[in-house]
Amino acid sequence: MTYDFRGRVFLVTGVSRRQGIGAAIARQLAAAGADLVLHSWAPHDVERPGLADPDGAAAVAAECERLGARVRRVSADLADPSAPSQVMAQAVREHGHVDGVVANHARDGGGTLETIDAAELDLCFAVNARATALLVKEFAAQHDGRPGGRAVLFTSGQHHGGMPGELPYVISKGAVQQMTASLAVHLAPRGITVNCVNPGPTDTGWADDAQKRWVRERMPQGRWGTPEDAARLVTWLLSDDGQWVCGQTLDSEGGFGR
C-alpha cells in the first residue's frame, strides 16, 4: 500500500542510528512525500558498546532529503524537562505546523529488583514517560484542528510477560502504554488520534547470538522483526486509513511467544 503525505509534517524522535526503528520510519515517511523534523540524542547510544552511530542522524536526514523531504534535525536530551517544548518549537518554526508526532525515543535502562536504584528509575521515567507526555502536550497545543492529527507512542512487551532484568525500562514503558487511552479520549474531539505500538523483538543490532537464537525459536514466522515492520504500522496509523484506530496498543511482533 502506498501513501501520499505531501503537505504533511511529522516529528519523529529517536532517530540517531541508521539501523533503528526511527530511521526506518523517517525513510518511509519521506518516500511518501512528508516533510520531517528528526530528533536524536547520540550520547545515549555511546553508553552502549557497539551501538553508537556517530554519523547516523546526519546520514538518515540526508537519505530523507534525497527522497524529496524537507528535513530539520534537532538534537536534545529528553531527560531535560524543557526539551519537549523546545523540540516542538523548533519544528513549528521550521515548518509552521506539525501534523503528527512519533515518540520513538527510549532509554533502555536495565536492572533487576536487587540492582535498581532511584537514579536510573528516575532517568528512564523522565525520558520514556514524562517526555512522551510532554511531547504530546506540545503537539496538541500547536495543532490547529485540521484533519489528520496523529500521535504514535512506543511501548514494549511488558504487558504480555515479565521482563525482570529491565525494570526501569519496563516501569517507564508501562506508563506510556497506560497513558495512551486517556490521551486519546482527551484529544479525539480535537481531531487527533493517539495510539501506541509494541514493535516486539526487533533486530536493530543490539542482540548477541544467544539472544537472537532464543527469540527466533519463539517466533512463529521464524525470524526477528525488522525496523521496517514497525515502520509500516506507524505509517498506516499516521495515514488517513488509520483514522478510526484510537487509544489502542498494537502489537506488531509476528506472534512472538504465542
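Note: the structure precedes this text.
Bear in mind that the values here come from a model prediction, so they are computed numbers and not experimental data.

Of the two faces of strand β1 (residues 9-12), both are covered, the one formed by Val9 and Leu11 as well as the one formed by Phe10 and Val12. In the classification by handedness, the crossover that spans β1, the intervening helix α1 (residues 21-31) and the parallel strand β2 (residues 35-40) is right-handed. Across three bridges, β1 lies against strand β4 (residues 100-103) in parallel orientation. Each bridged residue has a counterpart across the sheet, and for Phe10 the counterpart in β4 is Gly100.

Spatial ordering of the open sheet is given by β3-β2-β1-β4-β5-β6-β7, a layout of seven strands whose pairing is parallel. What marks the edges here is a single partner per strand, and that holds for β3 (71-75) and β7 (249-251). Each strand axis lies, on average, 15° off the axis of its neighbour in the sheet, ignoring direction. One ladder, built from six bridges, connects strand β5 (residues 149-154) with strand β6 (residues 192-198); its direction is parallel. Paired with Arg150 across the strands is Thr193, a residue of β6. Those strands touched by helix α5 (residues 118-142) are β1, β4, β5 and β6, and its axis lies near 175° from that of β5.

On to helix α3 (residues 56-66). Listing the buried residues of α3 in full gives Gly56, Ala57, Ala59, Val60, Ala61 and Cys64. Where α3 is buried, its residues contact α1, β2 and β3. Remark: Gly68 follows α3 within two positions and exhibits a positive phi of approximately 110°.

Time to look at the pairing of β6. With respect to burial, β6 is a largely interior element, seven of its seven residues being buried. Burial along β6 is two-sided: Ile192, Val194, Cys196 and Asn198 and Thr193, Asn195 and Val197, pointing in opposite directions, are all buried. Crossover connection from β5 via helix α6 (residues 167-187) to parallel β6: handedness right-handed.

The next point concerns the pattern of salt bridges. Here the structure, examined in full by the defined rule, presents 11 salt bridges. With its nearest N and O atoms 2.6 Å apart, the salt bridge here joins Asp53 to Arg18. You can see Asp53 sitting in the loop between α2 (43-46) and α3 and its partner Arg18 sitting in the loop between β1 and α1, a full 35 residues away along the chain. Arg232 is the salt-bridge partner of Asp229, the closest N and O atoms lying 2.5 Å from each other.

This next bit is on the packing of aromatic side chains. For the coordinates displayed, the defined rule picks out four aromatic pairs. Centroid distance Phe5 to Phe10: 5.2 Å. Interplanar angle 80°. Geometry classified as edge-to-face. Classification of Phe5 by relative accessible area gives buried; the value is 1%. The exposure class assigned to Phe10 is buried, which follows from its relative accessible area of 0%. Their ring planes at 65° and their centres at 5.5 Å tell us that Trp206 and Trp224 sit as a pair that is edge-to-face. Here Trp224 lies in the loop between α7 (209-216) and α8 (227-238) and Trp206 lies in the loop between β6 and α7, a separation of 18 residues in the sequence.

Conventions we followed
Residues numbered from 1 in each chain as written. Predicted model: local features only at pLDDT ≥ 70, side-chain atom pairs only at ≥ 80, totals over all residues. Heavy atoms only, no water. Buried < 20%, exposed > 50% of the residue type's maximum accessible area, 1.4 Å probe, protein only. Helix = DSSP H or I, 4+ residues; strand = E, 2+ residues; numbered from the N terminus. Right-handed = clockwise from strand over helix to strand, strands pointing away. Pairing = 2+ DSSP bridges. Axes fitted to C-alpha atoms, helices over the stretch in contact; angles between N-to-C directions. Contact = heavy atoms within 4.5 Å. Salt bridge = Lys/Arg side-chain N within 4 Å of Asp/Glu carboxyl O. Phe/Tyr/Trp six-rings, centres within 6.5 Å; stacked < 30°, edge-to-face > 60°.

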